[in-house]
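Residues per chain, in single letters:
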Amino acid sequence: MRAKRGVCGILLAWLGLLSSLFHGSRATDALTAGRLDTTTALQQAQLVAVANDGLNKRDVAEQQQLVVEVAQKVERQGQEEIKAKAEAVAGAFEGGARTRGRAGSRGSTSAWNPTKRELAVMLDKDPDKYDDWLAIQHNKSTEIHGHKVHFPTEENDDIGRLPLRFSSHKCTGVLFQHRVCHFYNLIVWNGTFLYVTDDNYTVPDVQMTYIGAEPFRSKTNLSTILNVTDPSQLVADALFDWATTPKILIQDAIAFYMSYHNNYGHLMGETAPLMHSLLCTYFGRCSYSDEDREGLQIFMYNRQPNVTTIMPKAIREELWPCFSKLPVLRVNDGSLRGKAVVVRHVVAGVGPACRGFPWCRARFMRVGPSPVMMASWKERAMACVGLPSGLQVNAERPSVVIINRPLQHGRGFINAMEVAHQLERDFKQLTVHVEELNEESLSSQATKYYRTDILIQMHGAALGNLVFLPKGAIYIDVVPENNDDKHTWAFFLGRDLMPLQINPIALAAQRVELMESIISAMPEWKTLTKDQKQLVLKEHRCPPQNELSFTEVVCYIEWFMKRSNSYLNYAQVKEVMSVALESLDAWAYKRHSSYMGTAMDITDFRPDRELNDLV
């Protein structure tokens, strides 16, 4: 029995060394050079012991002791013997059955054929990327996210044997918010940008998002993911050997923090035009052409592993290809670990101009986008979804589209169909459709807006689609009661879209039906008194902030906006429709001259209740 335990312990010891080998790609060389001591070996043994869930404490203790003894012995052995044993363990690990002691039958052995997922979990890897990772560790040529991995051992692969270069940079902009930096010859290594220099260099402060409030403003500083290092430090890294580490070469990249990465409206209406502006301004990549999208990597500052998977599907699969043929990557993406990613040119920073309210205004030390930039953004967006640009509204036979939502989701129009039929009876020239956008592709949504002359929709994420409206289109912005201030967002969007000749009109706040069953289950609701609950349900008013134990934004946004459905007041809709038709007629006569919209700049108006309810 003890002999079998010894065999099991030795096997797990080599698995510990193998884990170190796989984690760093160079642990064997490090061990040979004496840089992997017994403490490291013990830590590796503990990791392996945890993975083998059938082991009891005594087994673990015995195996840890065996690993220490093996590590001490290994330190005295020659390089060739170490490599031979490591290769043998690696081959066994990849290929076949192993034996291990089971807690239920101490000393017995049974075949163990781990699945990819078991191996990935044991080695702390993403199971979905295990094939790529395994191929890299075994020196097999492959591509990762569209990038070829180059190996120093391959003949005629000059990239695999790239010389290590010093980094350099140049920055523009004095203010932290305005600063944009061009970096040259950075290295991405295990989730961090490395700036290689032998000088005493300090990373400049660069804001990586357009959001002007905390924690976004200070918590997205470039300095948190850009480390200064010198060649001697790289050489001293036991897991990093420039001469032998696999390499990926990227010519152009942009580093950016994706704010509101799970919100379609913010990504489509704010992040997308800003991304276009940055690429056009600092790279000269202003179009959807193959040339402008070739060889560009968008690196996300965001560190969360699920940042891309929880993005709306239309954004993840269709918006980012509008800018680059390569998929968006996190700097700390697991598939890049163990490889030196050499980036010749990286741009970081937002600059002084952006598209978004209220952040891209004077109160936050920024300005809105230029008319030329917004016009070129529309050109790119239309080309990306396969639609021609330049379409103008049909002022004689306008098409009206009411964008609705399923009532069980909230923010829907309870009487949308009735309003549509009544509009067609009262305005004979109109054709009115009610549409929903549930889980539709970006191109499908774009097509619906492209064919719309007058749009009626609830204020929300679909604001991002206004860029697809034809020239001269009218957007009627609807908000639920207690949210009149949200019209300001639409008006500032209309101002930014004025070069596209899109004109917003505000509809008075509409009466809602609250989703009581959902609201009553919320923890904030349970803190209200009986009188406060009646105030909300019967009078449709929110209690004063000084009487609440939570921010009043919950009442205004979570309850009256998100957890409600509205009744469209037809008398008000009819009145606004008359104004819209007059605007279309006026635009039809003025389209050959300069066109002015009705969007108002009301910067001093408080549209966001101290910036807490950004939706």
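Everything discussed here concerns the structure shown above.
Keep in mind the model is a prediction, meaning the values are calculated, not measured. (Residues numbered from 1 in each chain as written. Predicted model: local features only at pLDDT ≥ 70, side-chain atom pairs only at ≥ 80, totals over all residues. Heavy atoms only, no water.)

A word on the sheet that holds strand β14 (residues 431-436). Taken together, five strands build an open sheet; the order of strands is β14-β13-β15-β16-β17 and the sheet is parallel. What marks the edges here is a single partner per strand, and that holds for β14 and β17 (503-506). Between one strand axis and the next, the sheet turns by 20° as a mean value, whatever way the strands run. Sheet topology note: the strand β13 (residues 399-404)/β14 ladder contains six bridges and is parallel. Note that in β14 the partner of Ser 399 across the bridge is Thr 431. (Pairing = 2+ DSSP bridges. Helix = DSSP H or I, 4+ residues; strand = E, 2+ residues; numbered from the N terminus. Axes fitted to C-alpha atoms, helices over the stretch in contact; angles between N-to-C directions.)

Turning next to the layout of surface pockets. Looking at the largest pocket, its volume works out to about 1100 Å³. Elements represented by at least two residues in the lining of the largest pocket include exactly α10 (264-283), α12 (313-319), β13, β15 (454-458) and α16 (487-496). With five residues, the top contributor of residues to the lining of the largest pocket is α10. (1 Å grid on protein atoms, 1.4 Å probe; cavity = no way out; pocket = protein on both sides within 12 Å on 5 of 7 lines; lining within 4 Å. Points joined across faces, edges and corners; volume = space filled by probe spheres on them.)

For the rest of this paragraph, the subject is the environment of Leu 584. Looking at where Leu 584 falls in the secondary structure, it is placed in helix α20 (residues 570-590). Separated by 191 residues in sequence, Leu 584 and Val 393 have C-alpha atoms that sit 7.9 Å apart. Other than its neighbours up to four places away in sequence, Leu 584 contacts Val 393, Ala 395, Pro 398, Ile 454, Gly 472 and Ile 474. (Contact = heavy atoms within 4.5 Å.)

This next bit is on the state of the cysteines. Applying the stated criterion across every chain yields a total of five disulfides. Cys 354 shares a disulfide with Cys 360; S-S distance 1.9 Å. Note on the Cys 354 and Cys 360 pair: the S-S dihedral is about -115°, so by sign convention the disulfide is left-handed. Each member of the pair, Cys 354 as well as Cys 360, is classed as buried. Shown here is the disulfide that connects Cys 542 with Cys 555, its sulfur atoms set 2.0 Å apart. Note on the Cys 542 and Cys 555 pair: the S-S dihedral is about -90°, so by sign convention the disulfide is left-handed. (Disulfide = S-S within 2.5 Å. Buried < 20%, exposed > 50% of the residue type's maximum accessible area, 1.4 Å probe, protein only.)

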